[in-house]
Amino acid sequence: MENNILNKVIVALDFSDETKALEIVEILKDDINIFKIGLELFISSGPKIIEKIRSKNKQVFLDLKLHDIPNTIKKALNALMEYDIFMTTIHALGGRKMLKEARDSIIESSERKNKKRPLLIAVTLLTSLSTDDLVEIGIKEDLEEEVLNLAKISKEEGIDGIVSSPLELPYLKKEFKNELLLITPGIRNGTVHIPGDDQRRSSSLKKAIYQGADYVVIGRQITLAEDPKKALYYLLGQE
Ligand SMILES: O=C(O)c1cc(=O)[nH]c(=O)n1[C@@H]1O[C@H](COP(=O)(O)O)[C@@H](O)[C@H]1O
């Protein structure tokens, strides 16, 4: 059971110091298979960090959350196919045409380069946004409706999966069954103090798994802990 859950855990290496990031990979390498490189680490270390993590026989989720006009996204994803990554992200709010270009670009380049393509994942509404934040930026739709709508457009355009908060899992699972991979960050248990915590729509690891997450992304609850392995196993044991 524990192993089944561990296979679904992605650890976010949100550091500007690559030594620190690689230290976490080393500590957790027997437990975790996928590590996430986000904007902070990618901008600080550059693409070479991908191979450094892959050389430890680990898979990379390159989370750049691309959001731009369709042509720019197409070219960026074509360039991204140079890297050997397991999964990458774009924003669903970029709209249908952008999602389509993203998907077409990644498939075309993988065929042209005869190379396995990464899973293409669309972020719906960031887990740091509360209902009030969403209303302020003009998303007046019911949050549930909005996430479902973004997920539906993503699926129609052939996107492999979506990122949402764990709170949205029950209705996403009901609607999409196994047709979309469901990925949820925003995992919290309150044991590690996170200064100025910015997550607003969160839940525990087990709850997210029971409610149908295919993958969960966990960062600071583990990476800021004095003993990251202990923190991971604590999360695994908690309801
Ligand atoms: O795409 C993501 O991974 C993502 C989407 C989202 O809506 N919210 C979110 O927190 N994330 C990422 O998930 C990780 C969460 O980190 P912690 O809040 O430290 O657990 C960060 O690396 C975020 O960039």
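Residues numbered from 1 in each chain as written. Predicted model: local features only at pLDDT ≥ 70, side-chain atom pairs only at ≥ 80, totals over all residues.

Named according to an unreviewed UniProt entry, the protein is Orotidine 5'-phosphate decarboxylase originating from Thermovenabulum gondwanense. Turning to the protein, the UniProt record has this under Function (unreviewed entry): "Catalyzes the decarboxylation of orotidine 5'-monophosphate (OMP) to uridine 5'-monophosphate (UMP)." (UniProt positions renumbered as here; feature names shortened; annotations may be inferred.)

Asks: Please clarify how unusual backbone geometry should be interpreted in this entry.
Replies: Residues apart from glycine generally show negative phi values, whereas peptide bonds are mostly found in trans. Not every positive phi belongs to a glycine, and Lys65 is a case in point at roughly 45°. Inspection of the secondary structure puts Lys65 in strand β3 (residues 59–66). Even without a glycine there, the phi angle at Asn114 is positive, about 50°. In this fold, Asn114 is placed in the loop between α6 (96–113) and β5 (119–123). (Helix = DSSP H or I, 4+ residues; strand = E, 2+ residues; numbered from the N terminus.)

Asks: Looking at this structure, I do not really get the pairing of β3. What am I missing?
Replies: Taken residue by residue, a regular strand's side chains alternate between the two faces of the sheet. Sheet topology places strand β2 (residues 34–37) next to β3; 4 bridges connect them, and they run parallel. Counterpart to Phe35 in the pairing with β3 is Val60. Across 3 bridges, β3 lies against strand β4 (residues 87–91) in parallel orientation. Counted as the bridge partner of Leu66 is Ile90 from β4. In this view, the connection linking β3 to its parallel neighbour β4 by way of helix α5 (residues 70–80) has right-handed handedness. (Pairing = 2+ DSSP bridges. Right-handed = clockwise from strand over helix to strand, strands pointing away.)

Asks: How should the sheet that holds strand β1 (residues 9–12) be read in this particular structure?
Replies: The strands making up a sheet associate through hydrogen bonds between their backbones, and the pairing can be parallel or antiparallel. Reading around the barrel, the 8 strands line up as β1-β2-β3-β4-β5-β6-β7-β8 and close back on themselves, with parallel pairing between neighbours. Averaged over all neighbouring strand pairs, the angle between strand axes comes to 25°, with direction disregarded. In the sheet, β1 pairs with strand β8 (residues 215–218) via 3 bridges, with the strands oriented parallel. Across the sheet, residue Ile10 finds its bridge partner in β8, namely Val217. (Axes fitted to C-alpha atoms, helices over the stretch in contact; angles between N-to-C directions.)

Asks: Just to check I follow, could you spell out the UniProt feature "active site" (unreviewed entry) in the protein for this structure?
Replies: Mapped onto the present numbering, the UniProt feature "active site" (unreviewed entry) falls on Asp63, Lys65 and Asp68. By secondary structure assignment, the location of Asp63 is in strand β3. For Asp63, the residues in contact, after removing those within four places along its chain, are Lys36, Ile37, Gly38 and Thr89. Along the chain, the position of Asp68 falls in the loop between β3 and α5. For Asp68, a count of 15 C-beta atoms within 10 Å corresponds to the partly exposed category. Ignoring anything within four residues of it in the chain, the contact list for Asp68 reads Ile73 and Gly94. (Contact = placed C-beta atoms within 7 Å. Buried ≥ 20, exposed ≤ 12 C-beta atoms within 10 Å, placed from the backbone.)

Asks: What should I look at first to understand the site of the ligand in this one?
Replies: Around the ligand there are 20 residues in total, and Ala12, Thr127, Pro185, Gly219 and Arg220 lie nearest to it. The set of elements that each furnish at least two residues to the shell around the ligand consists of β3, β8 and α11 (220–223). Residues of the shell around the ligand, tallied by class, amount to 8 nonpolar, 7 polar and 5 charged. (Near = placed C-beta within 6 Å. Nonpolar A, V, L, I, M, F, W, Y, C, P; charged D, E, K, R; others polar.)

Asks: Sorry if this is basic, but what is going on with the UniProt feature "domain: Orotidine 5'-phosphate decarboxylase" (unreviewed entry) in the protein here?
Replies: Feature annotation in UniProt assigns "domain: Orotidine 5'-phosphate decarboxylase" (unreviewed entry) to the following positions: residues 8–235. Strand forms 16% of residues 8–235 and helix 44%; the C-alpha atoms that close the span are 13 Å apart.

Asks: What exactly am I supposed to notice about the confidence of the model for the protein here?
Replies: When pLDDT is averaged along the protein, the result is 95, and 100% of the positions lie at 70 or above. The ipTM assigned to the predicted complex is 0.99, against a pTM of 0.97. (pLDDT = per-residue confidence, 0-100.)

Asks: Even after reading the chapter, I still don't get the packing of helix α8 (residues 143–156) against helix α9 (residues 169–176), so can you show me in this structure?
Replies: Two quantities define a packed helix pair, namely the angle between the axes and the distance from one axis to the other. Packing of α8 against α9 leaves a shortest axis separation of 11 Å and a crossing angle of 35°. Seen from above, α8 lies across α9 with right-handed handedness. Two secondary-structure elements touch here, α8 through Glu144, Leu148, Ala151 and Lys155 and α9 through Tyr171, Leu172, Glu175 and Phe176. For the contact of α8 with α9, the per-class residue count stands at 5 nonpolar, no polar and 3 charged. (Left-handed = near helix turned anticlockwise from the far one by under 90°.)

Asks: In this structure, what is going on with the pairing of β1? I would like to understand it.
Replies: Here β1 shows two buried faces, one formed by Val9 and Val11 and the other by Ile10 and Ala12. Two strands pair when backbone bridges link them, and β1 and β2 are joined in this way by 3 bridges, in the parallel orientation. Paired with Ile10 across the strands is Ile34, a residue of β2. Handedness of the β-α-β unit built from β1, helix α2 (residues 18–28) and β2 comes out right-handed.

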